[in-house]
Protein chains: 2
Amino acid sequence: MTMWQDIRIQSLFGIELPILQAPMAGASTLEMCIAVSEAGGLGALPCAMQTPDQVRRALGSIAAATRKPINLNFFCHTPPVPDEEREENWKKRLTPYYIEHGLHPIGTTPSSARAPFDDTYCRLVEEFRPGVVSFHFGLPQKDLMTRVKATGAKIIASATTVAEARVLETRGCDAIIAQGFEAGGHRGNFIGDNMAGQVGTFALVPQIADAVRVPVIASGGIADARGIVAAFALGAAAVQIGTAYLFCPEAKLTPFHRQALRTANADDTMITNVFTGRPARGIVNRLMRDVGPLSEHAPAFPLAGGALMPLRQKTEPANISDFSSMWAGQASRLGREMPAGDLTRTLAAEALAKLSTETGTEVRDSEAPVQAGTQ
Amino acid sequence: MTMWQDIRIQSLFGIELPILQAPMAGASTLEMCIAVSEAGGLGALPCAMQTPDQVRRALGSIAAATRKPINLNFFCHTPPVPDEEREENWKKRLTPYYIEHGLHPIGTTPSSARAPFDDTYCRLVEEFRPGVVSFHFGLPQKDLMTRVKATGAKIIASATTVAEARVLETRGCDAIIAQGFEAGGHRGNFIGDNMAGQVGTFALVPQIADAVRVPVIASGGIADARGIVAAFALGAAAVQIGTAYLFCPEAKLTPFHRQALRTANADDTMITNVFTGRPARGIVNRLMRDVGPLSEHAPAFPLAGGALMPLRQKTEPANISDFSSMWAGQASRLGREMPAGDLTRTLAAEALAKLSTETGTEVRDSEAPVQAGTQ
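Residues numbered from 1 in each chain as written. Chains lettered and ligands numbered in written order. Predicted model: local features only at pLDDT ≥ 70, side-chain atom pairs only at ≥ 80, totals over all residues.

## What to know about the overall build of chain A
Here is step 1: A count of helical and extended segments in chain A gives 13 helices and eleven strands.
Here is step 2: Here the C-alpha atoms of chain A give a radius of gyration of 21 Å, agreeing with the 21 Å that 2.2 N^0.38 yields for 375 residues.
Here is step 3: Summarising its shape, the C-alpha atoms of chain A cover approximately 80 × 55 × 35 Å along the three principal directions.
Here is step 4: Evaluated residue by residue, chain A yields a buried proportion of 56% over its 375 residues.
Here is step 5: Across chain A, contacts joining residues at least 24 apart in sequence account for 68% of those joining residues at least 6 apart. (Helix = DSSP H or I, 4+ residues; strand = E, 2+ residues; numbered from the N terminus. Rg over C-alpha atoms; globule rule 2.2 N^0.38 Å. Buried ≥ 20, exposed ≤ 12 C-beta atoms within 10 Å, placed from the backbone. Contact = placed C-beta atoms within 7 Å.)

Right, here's the structure in full:
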């Protein structure tokens, strides 16, 4: 029986398979979280776009459905300083679209609710004691870190550079997610924001593994058994998979997002800040083409999203994708439509099969394939 | 004895090890080419910056030193249409640097000599019959392709997207280099030039492997045994390694380039067009910071480099890196200083050792590591 050679993450989190479902705010559901954890992976519940009451209800449902560990995920961005001029200019930039869709461009901009981890969320962690707490965009203040640690939760967070990985380790993370350039959704960068320096998964994973002592979880471009085996070869002890789970029936997606995922090539996704103000990878659409993909005019995270809300409310029901983010990584073409639990088990089984048959097989000299080279 | 499981590239090229030294115009040398081929890999001689006479002399030296196959490499760019206004504006943009260094900004711009593959080069291929001919920036016209094929040379070329890989296969390539975003030096893109859509090695290799029938050579971010094993897991049949060979004594580098390679982090390299007019990955320096990394004002390839030549002639002898390209990929930190032949053998031996011990070992149930999960 072939087994995983590196079981540091399984041991740390108390899970069976080294597969983490990426928390995808807006798209992943508690049903997905339950299914992945029940299958032996680590399901995740993203909290940044939910009120504490919504999180509480979701955690209650999860607790009733599974006793397996889950990952509660929070954002750690610094709340933006309001900048009226910038926001007005942003609305002006979007005004032609308002007019096109018969919307009134004057009026209060709705606020895009993405709250950073705080005392209220921390109380929920203390009450429900999830096995793993993950942070994106850095880590919370020291007192909050101490309180989360005290619950017994393992803490993980995303690094997009070696320097970020070192900070996360120093500040007490139990494992580090190496988030490569290929990853869909928001970049986790928290030191610097120059997207021209972002690092591919292939180069990032071994360099972070060399720089820290805690185990590394590879993410970005991993969607099948080949990716899992490759991530382990590069030094990862587990993988975090996002986009591949968007193909599951448990994912909550607009019909146009689901359709775009099925046909997007790797080069059809780009890193853009036009939807939220922070860089994130998604499938190119009209707004990204017209205004981005990276715009210096987008208000700070998460404010850029506010002015888009009336446009989305008008266009999404008509299945128009012009103003809506369609987060996806560069390996969406490798996705397969199956339930999240089946996907988790299938990925693990295929990776183990690949480990046992395709690499590292001892070949006796008499059976060695003919070498073409002339010595 | 552990052997390579996939020997398609070794069989195709008649080499022993699935390791190709990347042709690096200006930095790789005929000594490096000879050393890599003699060690069992595939050494490369880049021809784009050499006159046919220089190539002829180099090929004579190589033929005298090794009977192993080598890779002759050519550029296939469309020669630029002169655009006086653009070139004047580019010179104006650089004028402050000219003044800073006491140079006269008026005068003829030297031409940056990078010639595309043509009849003259093709005659050299017909005369010297290298085992492999590689092309960058697409492929030459059909008649030239036919002539190269007729010599018996295997033809390979770089693809940065799945669409480019399909074109290369259709047009007769015997293998395809999947050039990931992490790779140092010039991007090989030849369909479109939007750098925001470039694809990481981790996502690119399996998707190209799925799309074509010919073997895939992975490149970009591969610098040690972990990368080689991971590339094979993703579906590659060989790797092309560039930056790691820059640490060899056979590489021809400015002292500041060699020094920068030793300390550059992965996020210290960016894709820039300011040195030649085409996007290429290098270590960030003053010109990239000031003018780029990507500038819409840079004249078409290779013209952008001409106006930089007086600046480089003045500053390079003073060990000033401000105006000189320092090509490097995102895995330069994994480089080791050793002769090119030793590096080739060491990489292969370490990759095979990793294949036999770190993955895929059969573990009997009685020896299975304890699983942490609770079923």
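## Re the pairing of strand S3 (residues 70-75) of chain B
Every regular strand shows the same layout, with side chains that alternate between the two sheet faces.
All names here are of chain B.
Here is step 1: Burial analysis of S3 places six of its six residues in the buried class, which makes it a mostly covered element.
Here is step 2: In the classification by handedness, the crossover that spans strand S2 (residues 43-46), the intervening helix H3 (residues 52-65) and the parallel S3 is right-handed.
Here is step 3: The pairing of S3 with strand S4 (residues 132-136) spans five bridges and is parallel. Of the residues in S4, the one forming a bridge with asparagine 73 is serine 134. (Right-handed = clockwise from strand over helix to strand, strands pointing away. Pairing = 2+ DSSP bridges.)

## Comments concerning helix H13 (residues 340-357) of chain B
Here is step 1: Given a rise of 1.5 Å per residue, 18 residues ought to cover 26 Å, and the 26 Å separating the end C-alpha atoms of H13 of chain B matches this to within 8%.
Here is step 2: Elements that come into contact with the buried residues of H13 of chain B comprise strand S1 (19-21), helix H2 (30-38) and helix H9 (225-233) of chain B. (Expected span 1.5 Å × (residues − 1).)

## What to know about the nonpolar core
Burial of nonpolar side chains together is a common tendency in soluble globular proteins.
Here is step 1: In terms of nonpolar packing, the biggest core is built from 233 residues, with Ile176 and Ile217 of chain A together with Ile176 and Ile217 of chain B touching the most fellow members.
Here is step 2: Once you skip the residues sitting within four places of it in the chain, isoleucine 176 of chain B turns out to touch Ile156, Ala157, Ala159, Ala165, Leu168, Glu169, Ile208, Val212, Val214, Val216 and Ile217 of chain B. (Core = buried A, V, L, I, M, F, W, Y, C linked by C-beta atoms within 7 Å.)

## Some remarks on the confidence of the model for chain A
All names here are of chain A.
Here is step 1: The pLDDT averaged across chain A works out to 93; a share of 94% of its residues lies at or above 70.
Here is step 2: Considering only residues more than four positions removed or in separate chains, one finds that residues 360-375, a stretch of pLDDT under 50, has 32 contacts.
Here is step 3: Reported for the predicted complex are a pTM of 0.94 and an ipTM of 0.93. (pLDDT = per-residue confidence, 0-100.)

## Details of the sheet that holds strand S9 (residues 238-241) of chain B
All names here are of chain B.
Here is step 1: With parallel pairing, the eight strands of this open sheet are ordered in space as S1-S9-S8-S6-S5-S4-S3-S2. What marks the edges here is a single partner per strand, and that holds for S1 and S2. Between one strand axis and the next, the sheet turns by 25° as a mean value, whatever way the strands run. (Axes fitted to C-alpha atoms, helices over the stretch in contact; angles between N-to-C directions.)

## Observations regarding the sheet that holds strand S7 (residues 185-186) of chain A
Working definition: the strands of a sheet are paired by backbone hydrogen bonds and lie parallel or antiparallel to each other.
All names here are of chain A.
Here is step 1: Taken in spatial order, the three strands make up an open sheet running S7-S11-S10, and their pairing is antiparallel. A strand with exactly one partner marks an edge of an open sheet, and here the two such strands are S7 and strand S10 (269-272).
Here is step 2: The sheet contact formed by S7 and strand S11 (residues 280-283) spans two bridges and is antiparallel. For glycine 185, the partnering residue across the bridge sits in S11 and is arginine 281.

## Some thoughts on the domain arrangement of chain A
All names here are of chain A.
Here is step 1: Partitioning chain A into domains gives domain 1 (8-77 + 114-250 + 339-357) and domain 2 (83-112 + 271-330).
Here is step 2: Each of domain 1 and domain 2 was reduced to a C-alpha centroid, and the two centroids are 27 Å apart.
Here is step 3: On the domain 2 side, the residues contacting the 14 residues of domain 1 number 14 residues.
Here is step 4: When the residues that make up the side of domain 1 that touches domain 2 are grouped by side-chain class, the tally is three nonpolar, eight polar and three charged. (Domains from an automatic or database assignment. Nonpolar A, V, L, I, M, F, W, Y, C, P; charged D, E, K, R; others polar.)

## Remarks on the environment of alanine 22 of chain A
Residue and element names in this part refer to chain A.
Here is step 1: In this fold, alanine 22 is placed in the loop between strand S1 (19-21) and helix H2 (30-38).
Here is step 2: The buried category is assigned to alanine 22, around which 30 C-beta atoms lie within 10 Å.
Here is step 3: In this structure the C-alpha to C-alpha distance between alanine 22 and alanine 260, which are 238 residues apart in sequence, comes to 20 Å.
Here is step 4: Those residues in contact with alanine 22, other than ones at most four positions away along the chain, are Ala44, Ser219, Gln240, Ile241 and Gly242.

## Overview of the packing of H2 of chain A against helix H3 (residues 52-65) of chain A
All names here are of chain A.
Here is step 1: Taken N-terminus to C-terminus, the directions of H2 and H3 make an angle of 30°; their axes are 10 Å apart at the nearest point. Relative to H3, the element H2 lies roughly parallel. Handedness of the H2/H3 crossing: right-handed. Contacts from Leu30, Cys33 and Ile34 in H2 reach Ala58, Ser61, Ile62 and Ala65 in H3.
Here is step 2: For the contact of H2 with H3, the per-class residue count stands at six nonpolar, one polar and no charged. (Parallel < 35°, antiparallel > 145°, perpendicular 65-115°, else oblique. Left-handed = near helix turned anticlockwise from the far one by under 90°.)

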